[in-house]
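What follows is each chain in one-letter form.
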Amino acid sequence: MNIEESFLKYFGCAPLGVYRAPARINLIGEHLDYNGGTVLPAAISLYISAAVSIRDDSKIKVYSLNTNNGFEVDLEEIKKDSKYEWANYVFGVFYILLRDGYKIPKGLNILISSEIPLGSGLSSSAALLVLITHLTSEIFKLGLLPIDVVKVAKKVENDYLGLKSGIMDQASIALAKENCCLLLNCDKLEYKHIPLDLGDYTFVVLKTNVPRSLVSSKYNERVEECQKGLSVLKKHFDINNLCEIEVSKLDKIRELISDDVIYSRVKHVITEQNRVYEFTKALEKKDISKLGELLNESHLSLKEDYEVSGRYLDAIQEAALNAGAIGARMTGAGFGGCAIALIKKDFFNEFKERVLSDYYNKTGLHADVVEVNITSGPELLRKR
Ligand code: GLA
């Protein structure tokens, strides 16, 4: 049954269209977005889709084919409530749009189907937020530009869901362009698309199949540790955020920050920012081995200085290198989820086999290795 048929079965009418939004990977620049840094993510060809129709009343009715459950709320009575589970991500979009003065004249029926695994570090939640914001703007002609979609989706996360997450995920999905990564300054919200032309090489996604755990508590802890570091350094440097500090200042910073943990977090942020710039230069020069080196350095820094990697991400990164990847690193928040590896295209099958068996020997778990394309942002896939 395709999504239109499921929609008909569930809502008793045909949808007016099917929209979709992609997942994302971050090539490099991890945990920099909330430190005002520049990151380099890209959207990948794993999608969340929504079939939708306009209702005669003011209800939002939403059903997920993944969780096999649904929720409904009246537009006038939206309030975050744990009983709505995942549907808080949907209702939150309408709450923020209405709060910000947009007119939503009617309710909607929405049927969701996703091939982005939940909690895998590929931003299934940002994809859902961007998807719902985009389709609502399109259907009711709200006139949101892609950058407005980013801002609405971020407000839902921060103001409605109460998460301290940065802007990278929403931006990498809403602003995505085919075969390009997004060089995004998260402080100024300035961005540039950079063609991802790697010739015989490609990025693949490595799934640990361990759901992220402790994400929100540990994530918020890292945000606070960075804020502590920043407040010490602001007394000595003329800066607004950690990512403005040059890597050459690290020795001085070591003297200024007495707390070893805070110093390590700051060190990761500053060195990672430098790696983003080096990575961008290496992309322009198509210097594949430099790209690999930087991916590995980034992983090490996330493992040792930022401490967000963990046993399974380390095992899969190591398995990728043992299997012949040019470089590999965890991607996203960490604490489980996915890694990425840079490999030679024609080597995929052999690479996959080796990673799966090495990872299984190390952990007793089955991993997945997935080939993906670098894709564009949210779109209307089919119209009635
Ligand atoms: C999660 C957050 C992002 C970003 C990454 C780490 O995906 O949602 O804002 O902070 O972690 O780079």
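Owing to the predicted nature of the structure, the values given are computational and were not obtained by experimental measurement.

The tally for this structure, following the rule as stated, stands at 28 salt bridges. Two residues, Lys83 and Asp81, come together in a salt bridge whose shortest N-O distance is 4.0 Å. Exposure remark for Lys83: the relative accessible area of 52% places this residue in the exposed category. Overall, Asp81 belongs to the partly exposed group, its relative accessible area being 27%. Across the salt bridge formed by Asp260 and Arg254, the nearest N and O atoms sit 3.1 Å from each other. Beyond isolated ion pairs, a larger network of salt bridges with shared partners links Lys218, Glu221, Arg222, Glu225, Arg265 and Glu307.

In this section: the environment of Gly336. Here Gly336 lies in the loop between β9 (327–331) and β10 (338–344). Note on Gly336: relative accessible area 8%, which makes it buried. Linking Gly336 and Arg212, residues 124 residues apart in sequence, is a C-alpha distance of 4.2 Å. Dropping the residues within four chain positions of it, Gly336 is found in contact with Thr208, Val210, Pro211, Arg212, Ser309 and Leu313.

Glancing now at helix α11 (residues 348–363). Given a rise of 1.5 Å per residue, 16 residues ought to cover 22 Å, and the 22 Å separating the end C-alpha atoms of α11 matches this to within 8%. All of the buried residues in α11 are Phe348, Phe351, Val355, Asp358, Tyr359 and Thr363. Take α11 and look down its axis: the buried residues cluster within an arc of 105°, on one side only. Those residues of α11 that are exposed and angled more than 90 degrees off the buried face are Asn349, Glu353 and Asn361.

How each quantity is defined
Residues numbered from 1 in each chain as written. Predicted model: local features only at pLDDT ≥ 70, side-chain atom pairs only at ≥ 80, totals over all residues. Heavy atoms only, no water. Salt bridge = Lys/Arg side-chain N within 4 Å of Asp/Glu carboxyl O. Buried < 20%, exposed > 50% of the residue type's maximum accessible area, 1.4 Å probe, protein only. Helix = DSSP H or I, 4+ residues; strand = E, 2+ residues; numbered from the N terminus. Contact = heavy atoms within 4.5 Å. Expected span 1.5 Å × (residues − 1). Arc of directions from axis to C-beta.

The analysis is restricted to geometry; functional conclusions fall outside its scope.
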